[in-house]
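What the coordinates show
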Amino acid sequence: LGNLQTSTQEDVSIIGQGRTLTVKEGSDMAKDITVHKSFSLIEKFSKNDSLTANEKMLLKYLPHKVQNIIWELHSSMMFPIPYCFSAIMTAVSGSIANSKALCTQNGYIVYPSIFMAIIGESGENKSQPIKWFMRPLWTRTAEMLKDYNGELDAYLKEVAKGNFEMDKPKKVQFIIQDATIEAVKEILYENPRGLLVIFDELISWIKSFSRYKRGKASEEGEWIVICDGDSLMVNRKGDARVLYIKHPFVALIGSIQPYVLCDAFKGSGMEDGLLWRIFMTYSEHPASPILWNDNKPDENLQDQWSEIITAILDQSFDADYDCPKALRYTDNAWTVIRGWQNMKEEDYTANHSQKELSVWRKVQVSVHKISICLKELWKACGEDVLEIGEGDNGDLPTDDDPLGNENFIGMQMALAATQVMDYYLENALHTLKMMTDMFPGVLTQGQKIFLKMFPLEEFVSRSAIVDHAVKRGMKPRTIDRYLSQLRGTMLECNHGKYRLTESGKMAIYGGNR
């Protein structure tokens, strides 16, 4: 990042920390914009010593209006901060839907479709944050369905009178609960804007996949297509027509217990493309007591959140869903995103197991989804962060245009997205480790012989292992394959040296060490 342009101190002082600016007439952004020099925690959180580094990081990248909402919910109803953040990202994703897509410099087109798993033990306050942050969306869909039912009644009355000139009203539905893939496809065809699907228990969604139901071999693949925003063909029973959905969009969220998730995807499920497309979030304080208290949240809190999320939702209904509005990274922002991906790819290729590398390669593209959601959330709150050195792309805020070009995602927002994705990547790898520890799988006889060449505790250099294994009759190509297959699960690697993990010890020795 050393070659990036930097603004002068005069540039920074022009904007000022927290200065409120007025947007020019005709803009679809909030009227008053507060521009911050950098991301920061509100005072209530900055003075809270009980927060973990992850919690501070997630909060820091949210607008101050949203931080204040989370503070009220966390201090009164004990909502875990990571659960709040993840519920917010999913609500924003479902509110943007097919109205916008990100076009990257290297040609990818990414829709902000987020599949979110809130993971925790029973009673860890998983469901309540989902319900609270989705409530305004349920309210809006109820209002729209009420209007639709009234228009449909009027239409049917006219038809009964023999008047066929009136157009049949179109049902607009953008949020559903516990739906099957068949129901989702039908609604997506009628509602090209997209859907937000909420599961009280995420296992009810997972159980619909082929490993639980015969004849459902294509379901998991269809969910992958939807998650990636690729086109979908729908063949309906008893109907000769084939329905074509150009951009199927679904944002999805639900809660699940750690063991239930691991058990559902054990064995070959760990290799599934869908599992690692799911954003995973855990409580940072799983063993802490959840104590009732006398703190009362602001009585206008729900209205404050409703104003923010409906501002994002409302603009999505006027979009061209066949040709969504394109967002782009500024040149400096793309330098950040590309540098992050290149650094991670080199690290995971050299220092991690094949399974961990596979997880990373599934997770990496989701950084673009987070970029879109953060950009739109900040805009809806009437807040923004000063973008440094983005003048060439018109992204440096001015008095006339404090958010810069609203079609661009700037460098600071890109940096925030990479940090957030590091958090979700860490959670995905934590899930992989849990699954490996719970269900280590069956080793081949050759793998067992190879693992028994390692001492129980000490690290051994790769060259020492190769020499020893070759003397035992193994071919170098076989040794390389075993090291790649077992690294990260049965073998721990540190600076080119290897030793058995606890899973490795259990797999070959059981309890008899």
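Throughout what follows, the structure given in this document is the object of discussion. Everything numeric in this text was worked out from a predicted model, so none of it was measured.

**Some points on the overall build of the protein chain**
If you tally the helices and strands in the protein chain, you get 19 helices and 17 strands. The burial tally for the protein chain puts 52% of its 513 residues in the buried class. Expressed as a percentage of contacts within the protein chain between residues at least 6 apart in sequence, the contacts between residues at least 24 apart total 74%. Summed over all atoms, the accessible surface of the protein chain reaches about 23,900 Å², with 50% contributed by carbon and sulfur.

**A closer look at the pairing of strand 11 (residues 279–282)**
Taking every second residue as pointing to the same face, both faces of strand 11 are buried, with Phe-279 and Thr-281 on one and Met-280 and Tyr-282 on the other. Where strand 5 (residues 115–119) meets strand 11, four bridges bridge the pair, whose relative direction is parallel. Residue pairing for strand 11: Met-116 is matched across the bridge by Phe-279.

**Considering the pattern of salt bridges**
A side chain of one charge can pair with a side chain of the opposite charge if their charged atoms are brought near each other. Within the structure shown, the criterion is met by 13 salt bridges. Glu-143 is the salt-bridge partner of Arg-140, the closest N and O atoms lying 3.6 Å from each other. With Arg-140 and Glu-143 both in helix 6 (residues 127–160) and three residues apart, the pair spans about one turn of that helix. Lys-505 is paired through a salt bridge with Glu-457; the nearest N and O atoms lie 3.2 Å apart. Placement of the pair is Lys-505 in helix 19 (residues 502–509) and Glu-457 in the loop between helix 16 (445–451) and strand 15 (460–461), with a sequence separation of 48 residues. A single network of salt bridges, built from pairs that share partners, joins Lys-100, Glu-376 and Lys-379.

**Points about the pairing of strand 10 (residues 250–256)**
A large share of strand 10 lies buried, amounting to seven of its seven residues. Across the two faces of strand 10 the burial is the same, with Val-250, Leu-252, Gly-254 and Ile-256 and Ala-251, Ile-253 and Ser-255 all buried. Of the strand pairs in this sheet, strand 5 and strand 10 are connected by five bridges, and their pairing is parallel. In the sheet register, Ile-118 faces strand 10, and the bridge partner there is Ser-255. As judged from the six bridges shared by strand 7 (residues 195–201) and strand 10, these two strands associate in the parallel manner. If you follow Leu-196 over to strand 10, its bridge partner there is Ala-251.

**Focus on the sheet that holds strand 14 (residues 408–409)**
Backbone hydrogen bonds are what pair the strands of a sheet, in a parallel or an antiparallel way. With mixed pairing, the four strands of this open sheet are ordered in space as 4-3-12-14. Each edge of the sheet is formed by a strand with only one pairing partner; in this case those strands are strand 4 (109–110) and strand 14.

**Some points on helix 9 (residues 219–228)**
Among the ten residues in helix 9, seven count as buried, and that is most of the element. On its buried side, helix 9 packs onto strand 5, helix 7 (181–190), helix 8 (203–206), strand 8 (232–235), strand 10 and helix 14 (366–380). One or two steps after helix 9, the chain reaches Gly-229, where phi turns positive at roughly 75 degrees.

**With respect to the state of the cysteines**
A full pass over the atoms with the stated rule returns zero disulfides. Of all cysteine sulfurs, the one in Cys-103 lies closest to Cys-323, which takes part in no disulfide; the gap is 9.0 Å. Residue classification places Cys-323 among the exposed residues on the basis of a relative accessible area of 54%.

**A short note on the sheet that holds strand 10**
With respect to topology, five strands assemble into an open sheet ordered 6-7-10-5-11, the strand pairing being parallel. The strands lining the two open edges of the sheet, one partner per strand, are strand 6 (175–177) and strand 11. The average undirected angle you get between the axes of adjacent strands in this sheet is 15 degrees. Contacts from helix 5 (residues 81–96) reach strand 5, strand 7, strand 10 and strand 11, with the element oriented near 155 degrees to strand 10.

What counts and how
Residues numbered from 1 in each chain as written. Predicted model: local features only at pLDDT ≥ 70, side-chain atom pairs only at ≥ 80, totals over all residues. Heavy atoms only, no water. Helix = DSSP H or I, 4+ residues; strand = E, 2+ residues; numbered from the N terminus. Buried < 20%, exposed > 50% of the residue type's maximum accessible area, 1.4 Å probe, protein only. Contact = heavy atoms within 4.5 Å. Areas by Shrake-Rupley, 256 points an atom, 1.4 Å probe, with all protein chains shown as cover. Pairing = 2+ DSSP bridges. Salt bridge = Lys/Arg side-chain N within 4 Å of Asp/Glu carboxyl O. Disulfide = S-S within 2.5 Å. Axes fitted to C-alpha atoms, helices over the stretch in contact; angles between N-to-C directions.

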